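Results of the structural survey
Next come the chains, spelled out residue by residue.
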There are 2 protein chains.
Amino acid sequence: MSDANRNRPAPASACPPPSPKHSAIVLGHGGGGRLTADLVREVFMPALSNPILDRLNDSAEVTIGARGLLFTTDAFVVSPLRFPGGDIGSLAVNGTINDLAVAGGEPLGLSAAFILEEGFPIAELRLIVQSMRKAADQAGVGVIAADTKVVERGKADGLFITTSGIGLAAAESQLGPGEIRAGDAVLVSGPIGDHGVAVMSAREGLEFETTVVSDSAPLHDLVAAMLRGGGAIRCMRDPTRGGVATVVNELAKSAGAEILIEETAAPVRDGVRAACEILGLDPLYVACEGRLVAIVADADADRVLAAMRRHPLGADARRIGGVVRMGTPRVLLRTAFGAVRALELLAGAQLPRIC
Amino acid sequence: MSDANRNRPAPASACPPPSPKHSAIVLGHGGGGRLTADLVREVFMPALSNPILDRLNDSAEVTIGARGLLFTTDAFVVSPLRFPGGDIGSLAVNGTINDLAVAGGEPLGLSAAFILEEGFPIAELRLIVQSMRKAADQAGVGVIAADTKVVERGKADGLFITTSGIGLAAAESQLGPGEIRAGDAVLVSGPIGDHGVAVMSAREGLEFETTVVSDSAPLHDLVAAMLRGGGAIRCMRDPTRGGVATVVNELAKSAGAEILIEETAAPVRDGVRAACEILGLDPLYVACEGRLVAIVADADADRVLAAMRRHPLGADARRIGGVVRMGTPRVLLRTAFGAVRALELLAGAQLPRIC
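Report follows, based on the coordinates. None of these values were measured; they are calculated from a predicted model. (Residues numbered from 1 in each chain as written. Chains lettered and ligands numbered in written order. Predicted model: local features only at pLDDT ≥ 70, side-chain atom pairs only at ≥ 80, totals over all residues. Heavy atoms only, no water.)

**Brief notes about the overall build of chain A**
If you tally the helices and strands in chain A, you get eight helices and 14 strands. Whereas a compact globule of 355 residues would reach a radius of gyration of roughly 20 Å, chain A reaches 19 Å, a difference of no more than 12%. Along the first, second and third principal axes, the C-alpha set of chain A runs to 55 × 50 × 45 Å. The contacts in chain A between residues at least 6 apart in sequence include a share of 84% that link residues at least 24 apart. Within the structure as shown, chain A displays about 12,400 Å² of accessible surface, and the carbon and sulfur contribution to it stands at 49%. (Helix = DSSP H or I, 4+ residues; strand = E, 2+ residues; numbered from the N terminus. Rg over C-alpha atoms; globule rule 2.2 N^0.38 Å. Contact = heavy atoms within 4.5 Å. Areas by Shrake-Rupley, 256 points an atom, 1.4 Å probe, with all protein chains shown as cover.)

**So, the relation of the copies chain A and chain B**
You can overlay chain A on chain B at an RMSD of 0.0 Å; the transform is a turn of 180° with a shift of 0.0 Å along its axis. Both copies are brought into coincidence by an operation consistent with a two-fold rotation axis. Identified as the residue of chain A closest to the rotation axis by C-alpha distance is Ala156 of chain A, at 2.0 Å. With an isologous cut-off of 70% or more, the 100% of interface residues of chain A that recur at the interface of chain B puts this contact in the isologous class. (Least-squares fit on C-alpha atoms with pLDDT ≥ 70 in both.)

**Examining the packing of helix α4 (residues 194-204) of chain B against helix α7 (residues 270-279) of chain B**
All names here are of chain B. Put simply, α4 and α7 touch, their axes get as near as 10 Å, and they point 55° apart. In terms of orientation, α4 and α7 fall into the oblique class. Helix-helix and strand crossings are classified by hand; for α4 and α7 the assignment is left-handed. Taking contact as the criterion, the partners of Asp194, Val197 and Met200 in α4 are, on α7, Val272, Ala275, Cys276 and Leu279. Partitioning the contact of α4 with α7 into residue classes produces six nonpolar, no polar and one charged. (Axes fitted to C-alpha atoms, helices over the stretch in contact; angles between N-to-C directions. Parallel < 35°, antiparallel > 145°, perpendicular 65-115°, else oblique. Left-handed = near helix turned anticlockwise from the far one by under 90°. Nonpolar A, V, L, I, M, F, W, Y, C, P; charged D, E, K, R; others polar.)

**Examining the pairing of strand β6 (residues 143-151) of chain B**
It is a general feature of regular strands that their side chains alternate between the two faces of the sheet. The element β6 of chain B is largely enclosed, with a buried count of nine among its nine residues. Following the chain from strand β5 (residues 106-117) of chain B across helix α3 (residues 122-138) of chain B to the adjacent parallel β6 of chain B, one finds a crossover that is right-handed. (Buried < 20%, exposed > 50% of the residue type's maximum accessible area, 1.4 Å probe, protein only. Right-handed = clockwise from strand over helix to strand, strands pointing away.)

**Overview of the interface of chain A and chain B**
Taken residue by residue, the interface counts 75 residues in chain A and 75 residues in chain B. At the boundary of chain A with chain B, total buried surface from both sides reaches about 6,700 Å², with 71% on carbon and sulfur atoms. Interface area lost by chain A to chain B is led by Ile25, Phe71 and Ile144 of chain A, which between them contribute 10%. The interface formed by chain A and chain B includes seven salt bridges. Here Glu152 of chain A and Arg353 of chain B are joined by a salt bridge, their closest N and O atoms 2.7 Å apart. Viewed at the interface, chain B and chain A are joined by 30 residue pairs in polar contact (both at pLDDT 80 or more). Secondary structure elements with two or more residues in the side of chain A that touches chain B: α1 (34-48), β1 (60-64), β2 (67-76), β5 (106-117), α3 (122-138), β6 (143-151) and β7 (159-168) of chain A. Here the residues of the side of chain A that touches chain B are counted per class, giving 44 nonpolar, 18 polar and 13 charged. (Buried area = accessible area lost by both parts, 1.4 Å probe. Salt bridge = Lys/Arg side-chain N within 4 Å of Asp/Glu carboxyl O. Polar contact = N/O pair within 3.5 Å; in protein donor to acceptor, adjacent residues only side chain to side chain.)

**Some remarks on the side chain of Ser90 of chain A**
Position of Ser90 of chain A among the secondary structure elements: in helix α2 (residues 88-101). Apart from the residues within four sequence positions on either side, Ser90 of chain A is in contact with Ser131, Met132, Ala135 and Ser216 of chain A.

**Some remarks on helix α5 (residues 220-228) of chain A**
Along an α-helix, residues three or four apart share an orientation, since each turn contains 3.6 residues. Within the sequence span of α5 of chain A, burial applies to His220, Leu222, Val223, Ala225 and Met226 of chain A. Where α5 of chain A is buried, its residues touch α2, β5, α3, β9 (233-237), β11 (293-296) and α8 (301-309) of chain A.

**Regarding the sheet that holds strand β1 (residues 60-64) of chain B**
All names here are of chain B. Taken together, the five strands give an open sheet; going across it, the order is β1-β2-β7-β5-β6, and neighbouring strands pair in mixed fashion. Edge positions in the sheet fall to β1 and β6, since each has one partner strand and no second. The sheet shows a mean angle of 15° between the axes of neighbouring strands, taken without regard to direction. Pairing geometry for strand β2 (residues 67-76) and strand β7 (residues 159-168), over eight bridges, is antiparallel. Across the sheet, Thr73 pairs through a bridge with Ser164, a residue of β7. (Pairing = 2+ DSSP bridges.)

Just geometry here; none of it tells us what the structure is for.
Right, dumping it as structure tokens:
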């Protein structure tokens, strides 16, 4: 949950100004963009505020004895439940693993709470739970706590899964937006937007020339390789809802940094680019579920990139921008045509129910 | 999640035999009784099985350094969202606190994942989140991680909240059904069934002579007082979905114990008894959200009861039965008329969406 970069005017094309005040929830409140940030700032934070939650990190950290313990939660409401490259079960596992991973954590265990709609086929539930197990095994972690609730037909949409995760914080690394410095490099671990396009294609029954497959994957092993490889890694985030543009905005806001992203440097698969053109989407705002954005010291960028590229999940890692200066938080995009414009939070939901 | 006492024939009055095989989810799969146990045994455990989950405790325990760490999750889908004595917000906090408490844990932090239906009034969300904060403050713990998702109108029922919790296991106490011995006493911390009747009354717009108020409350402080008071406490459970009858069945099954409950010993408020008669419910199966069942050594029962009664949440604690012998797991009820009959798991949902 975060709130970023609200003070800059939105370019008319991408970001119409939000309506002055909502009295009821709209889909955009779940989109990860400006409306989500508004809801967090206006409803959740005033009531729930405490020093740990206020950090708005992907994982909360508490200290037990000498070790930091990470704790994170995510509800998954993706529609449809299955899509090329995954399903709600593997997504729920990987999504929570990744919130621990980008905090530098070693996953200890997951919980899963199922909300089922009356009439949901048990055979389908079985497949989804098996998919969770497979993803959990791949991440080397167990689902150690669970709960099941059922609501009447028409009161849910088949199946929602909320996963929470606990993990051990890395012993030595100090990760967080507070570590970001002027001159730092912005890296992304691979092609962006695959997950969002895969889900949209499945939802709309669209067929493109090539099938786009979700990038859903657990990132803790890639992160461990990056940390082992050395170099000053300042901060990491997984660009899910709202994509790379949103997490870079969140980091800029948290750090008080001006960040410049090079549009041509961001790796985008041909199939994703083609689908985005047809759907009218900007890949920078489309969700990934197996990628991370890392901010690293400029002098160490090549070393960290090399460590990422030696790992299968980071083979196509790229440098996509840098921290121009500290001060006023904002994100700029140098477009393919060389123009520089603001890269804002989206006002609403670009893609609802993508995770 | 548990499965208990399946080998005994069900008395025709209370427990019709379950249909041979469900191919789709029915409301009873969420009721906490036999169908829930079936779903856990047939779908969830085969896929997710691991040594920690297999214990089917209210909280999972992992070890970090020298300390045990407790981890638990629950989805809340209660309908209506508000009821006498509480709302989904306070219920979600107290329910998760209590899963940690009955494991002897000291709560460290909670997470909350919100699934909102498009159109849900933000003013109502604000009240519920404030109620969560109040309950969390009362329990001395913070909501330190959160997430929000939104689904389209008609794809959820206003608001669902999944809370997870982490806590430190008690340093010395050894709690669990494996500690149960023949001769142990079964205690309950107060009147039963208040929560379930309060929610049913609100849902159905029923008016009884006295308003029944939910017992929803955080139990960790009562548990701490019990542990401080000394005496061999074997095991505790909070009797939520399925009530006292269900948790006693789960304990009997886990421990391999025959347990006898005295119907006349179970404290039931007049208002709850009257409402149960009108609604055709047995208070032993009606959910509490601020009570616990404790199994303690017979010789220490009075001492533990005295410790409970010194605490406001245990003022009406009673001994309601005992462990007859170890061996075949079963639960017997001595009725008000002196007859002894089996006290079974319910086949389906007595009260859907009670938590």
